[in-house]
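# A look at the structure
Letter by letter, the chains look like this.
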Amino acid sequence: MALLRGSGCSGGSLWLLVLAAACLLQRAQVKKPVRCPGTCSCTKESIICVGSPGVPRIVPSDISSLLAGGPHLPSLCFVLLNSNSFTVIRDDAFAGLFHLEYLFIEGNKIETISRNAFRGLRDLTHLSLANNQLKALPRDVFSDLDSLIELDLRGNKFECDCKAKWLFLWLKMTNSTVSDVLCIGPADYQDKKLNDVTSFDYECTTTDFVVHQILPYQSVSVDTFNSKNDVYVAIAQPNMENCMVLEWDHIEMNFRSYDNITGQSIVGCKAILIDDQVFVVVAQLFGGSHIYKYDESWTKFVKFQDIEVSRISKPNDIELFQIDSERFFVIADSSKAGLSTVYKWNNKGFYSYQSLHEWFRDTDAEFVDIDGKSHLILSSRSQVPIILQWNKSTKKFVPHGEIPNMEDVLAVKSFKMENTLYITLTRFIGDSRVMKWNSKQFVEIQALPSRGAMTLQPFSFKNNHYLALGSDYTFSQIYQWDNEKKLFRLFKEIYVQAPRSFTAVSTDRRDFFFASSFKGNTQIFEHIIVDLSL
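Residues numbered from 1 in each chain as written. Predicted model: local features only at pLDDT ≥ 70, side-chain atom pairs only at ≥ 80, totals over all residues. Heavy atoms only, no water.

An unreviewed UniProt entry lists the chain under the name Leucine rich repeat LGI family member 2, with Crocodylus porosus as the source organism. Here the chain is described in UniProt, under the heading Subcellular location (unreviewed entry), as follows: "Secreted". (UniProt positions renumbered as here; feature names shortened; annotations may be inferred.)

This is the structure in structure tokens:
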């Protein structure tokens, strides 16, 4: 195998190997005859190979200098490989040449150099890659060249984008003399010398979502909470009639089973932390809904109280909120016979505090702070979303307005970016919407095609803002906020079968989101930072 691979050899190709001792200072003394390669002609002082497919390796072991070749010789110090047709220099191309000092590979057609091409050349002082077809160099390709004095990259035209960022930084730090590194692009750097660039302004990182863990069961909702420096999630599993509580394992770096609350057709598990107490509201389609409390002595959740069956018939969403120092939660009821109801903590338990309205089949409740005032937005299959405002005098929610022309909204979710309030409206039929509060009303800024959508969830990681749109009919889509265009753009598609919720969870400086599935496995995706300069 050749040390440097080219586009092939023809009859006119010439390998000229001139052997001299002590780096051209003294002629080598051949101690024993060496068999000449079949494609070459050999004399006492040279080997000439015409049309050879590679560099011959049968060479005396005491040769210290080689011109126009590079076999694996520990004492070799000079290699010249000019004016050939090489296109690639692969990993460890010069392995074994521990004392190589001069390496010239000029006037070829080299487009690609592997990251470890020069590995082990710690004595190399001069390297020339001039007049090739290089547009980029792999990161840290020169990391083994501890003795490098001079590097020649003339005659190559580099793309000075993110992949050149490492080279820009290396040029600022190296003590080696480096020729001009000419940029052919992008436009901002065209015809500039990378050596002379004072700052590199490209944002050379992006993000991605990769599958971290698959939970082999179906689910419809996921909630997360922190307790005593540990991270937990509560997963509603109606088909298995469980509320599964998972704990983040700091050693194994995954989520493991911690406790299991059993019930009947559980559709929601919502944790409430009050002082040192942890409660979980378990909403069920049958048998009534209940509240569980974590019991330290039993190291598990035990039933704490029931929620009146007469008020909650078909729970569809649980929303927690706090007004002043008082704690509440509201259950949105989607049946004609039920009542969406607010519950309040009274230091002994949760009691029914306010029924919001009847006969509206509420599908979601969202607590929102609008201009410093507390509001609830209720979405419904039978009317447009209504806005209720907290009355400080009566300490009740009263009708305040609605979001017009938005029928059949399954859910409303709120989020903030740069202190501006936004909401998303999920619609199964028609386009879902992103709206912004303009100090008077919510105005539409973007429509997202969403046929079959059951959830449109906003979430943020490390100043990156996303929307996860889950559909029963197609791939789920993740959108990312484009700060220049002030819109969400499609970022990634993921396959989740019948998605019902997306929940962001952060732990150990790592970020995840759970994708619940009504018909398939529950998936955990990790949000990662991708370095484009690699």
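The number of helices and strands found in the chain is one helix and 42 strands. Here the chain holds 534 residues, and the buried ones make up 52% of them. Long-range pairs, those at least 24 residues apart, make up 47% of the contacts in the chain with a sequence separation of at least 6. (Helix = DSSP H or I, 4+ residues; strand = E, 2+ residues; numbered from the N terminus. Buried < 20%, exposed > 50% of the residue type's maximum accessible area, 1.4 Å probe, protein only. Contact = heavy atoms within 4.5 Å.)

Mean pLDDT over the chain works out to 86, with 85% of the residues at or above the 70 mark. Across residues 39-72 the pLDDT falls below 50, and counting only partners more than four positions away or on other chains, this stretch makes 123 contacts in the model. (pLDDT = per-residue confidence, 0-100.)

Right, let's get into the packing of aromatic side chains. Taken as a whole and judged by the stated rule, the model has 45 aromatic pairs. Arranged with centres 5.1 Å apart and planes meeting at 40°, the rings of Phe142 and Trp170 form a pair that is tilted. Of this pair, Phe142 sits in the loop between strand 10 (126-128) and strand 11 (150-152) while Trp170 sits in helix 1 (residues 165-173), placing them 28 residues apart in sequence. A single burial state applies to Phe142 and to Trp170, both of which are buried. (Phe/Tyr/Trp six-rings, centres within 6.5 Å; stacked < 30°, edge-to-face > 60°.)

On to the pairing of strand 26 (residues 339-345), then. Summarising burial for strand 26: seven of the seven residues are buried, a large majority. Both faces of strand 26 are covered, namely the face carrying Leu339, Thr341, Tyr343 and Trp345 and the face carrying Ser340, Val342 and Lys344. Relative to strand 26, strand 25 (residues 326-333) runs antiparallel, the two being bridged by four bridges. Note that in strand 26 the partner of Val330 across the bridge is Val342. Counting the residues that bridge the hairpin from strand 25 to strand 26 gives five residues. Judged from the six bridges that link them, strand 26 and strand 27 (residues 350-358) form a sheet pairing that is antiparallel. (Pairing = 2+ DSSP bridges.)

Moving on to the environment of Gln389. Within the fold, Gln389 resides in strand 30 (residues 386-391). Exposure remark for Gln389: the relative accessible area of 17% places this residue in the buried category. Sequence-wise, Gln389 and Lys373 are 16 residues apart; in three dimensions their C-alpha atoms are separated by 7.4 Å. Gln389 has contacts with Lys373, Ser374, His375, Lys396, Phe397, Val398 and His400, leaving out every residue within four places of it along the chain.

The subject of this paragraph is empty space enclosed by the protein. Inspection of every chain in the model, using the stated rule, returns two cavities of 30 Å³ or more. Within this model, the second largest cavity holds a volume of roughly 40 Å³. Contributing to the lining of the second largest cavity are Lys135, Ala136, Leu137, Phe158, Glu159, Lys163, Ala164 and Leu167. The residue makeup of the lining of the second largest cavity, split by class, is five nonpolar, no polar and three charged. (1 Å grid on protein atoms, 1.4 Å probe; cavity = no way out; pocket = protein on both sides within 12 Å on 5 of 7 lines; lining within 4 Å. Points joined across faces, edges and corners; volume = space filled by probe spheres on them. Nonpolar A, V, L, I, M, F, W, Y, C, P; charged D, E, K, R; others polar.)

Now for the environment of Ser374. With respect to the helices and strands, Ser374 occurs in strand 29 (residues 373-380). According to the relative accessible area criterion, Ser374 is buried, its value standing at 16%. For Ser374 and Ile323, which are 51 residues apart along the polypeptide, the C-alpha to C-alpha distance reads 7.4 Å. When neighbours within four sequence positions are excluded, Ser374 is seen to be in contact with Ile323, Phe367, Val368, Leu388, Gln389, Trp390 and Phe397.

A separate point is the pairing of strand 39 (residues 487-494). With seven bridges joining them, strand 38 (residues 476-482) and strand 39 adopt antiparallel strand pairing. Bridge pairing in strand 39 places Ile478 opposite Lys492. Between the antiparallel neighbours strand 38 and strand 39 lie four residues, among them Lys486 with a positive phi of about 60°.

Taken as a whole and assessed by the stated rule, the structure comprises 19 salt bridges. Across the pair Lys193 and Asp180 runs a salt bridge whose closest N-O atoms are separated by 3.2 Å. Remark: Asp180 occurs in the loop between strand 13 (177-178) and strand 14 (182-185) and Lys193 occurs in the loop between strand 14 and strand 15 (205-215); sequence separation between them is 13 residues. For Asp180, a relative accessible area of 41% gives the class partly exposed. The shortest N-O distance in the salt bridge between Asp208 and Lys492 comes to 3.2 Å. One end of the pair, Asp208, is in strand 15; the other, Lys492, is in strand 39, with 284 residues separating them in the sequence. (Salt bridge = Lys/Arg side-chain N within 4 Å of Asp/Glu carboxyl O.)

With that settled, the discussion passes to the side chain of His375. Here His375 is to be found in strand 29. A polar contact of 2.9 Å, which involves the side chain of His375, links it to the backbone oxygen of Lys373. In terms of polar contacts, His375 uses its side chain to reach the side chain of Gln389, at 2.9 Å. Contacts of His375, omitting those with residues within four sequence positions, involve Glu366, Phe367, Val368, Ile370, Ile387, Leu388, Gln389, Phe397 and His400. (Polar contact = N/O pair within 3.5 Å; in protein donor to acceptor, adjacent residues only side chain to side chain.)

Once that is clear, we can look at the sheet that holds strand 11. Taken together, the five strands give an open sheet; going across it, the order is 6-8-10-11-13, and neighbouring strands pair in parallel fashion. Only two strands of the sheet have a single partner each, and these edge strands are strand 6 (78-80) and strand 13. Here strand 11 pairs with strand 13 via two bridges, running parallel. Across the sheet, Leu151 pairs through a bridge with Val178, a residue of strand 13.

The four strands are arranged 20-21-22-23 in an open sheet whose pairing can be described as antiparallel. The open sheet has two edge strands with one neighbour each: strand 20 (266-274) and strand 23 (300-307). Here the strands of the sheet are splayed against their neighbours by 25° on average, with no regard to which way each runs. (Axes fitted to C-alpha atoms, helices over the stretch in contact; angles between N-to-C directions.)

Before going further, it helps to spend a moment on the layout of surface pockets. A volume near 1,600 Å³ is recorded for the largest pocket. In terms of lining residues, the largest pocket is bounded by 43 residues, among which Asn316, Asp317, Lys413, Arg500 and Ser501 are the most central. Of all the elements in the fold, those that place two or more residues in the lining of the largest pocket are strand 16 (221-227), strand 20, strand 24 (315-323), strand 28 (362-370), strand 32 (409-417), strand 36 (453-461) and strand 40 (499-507).

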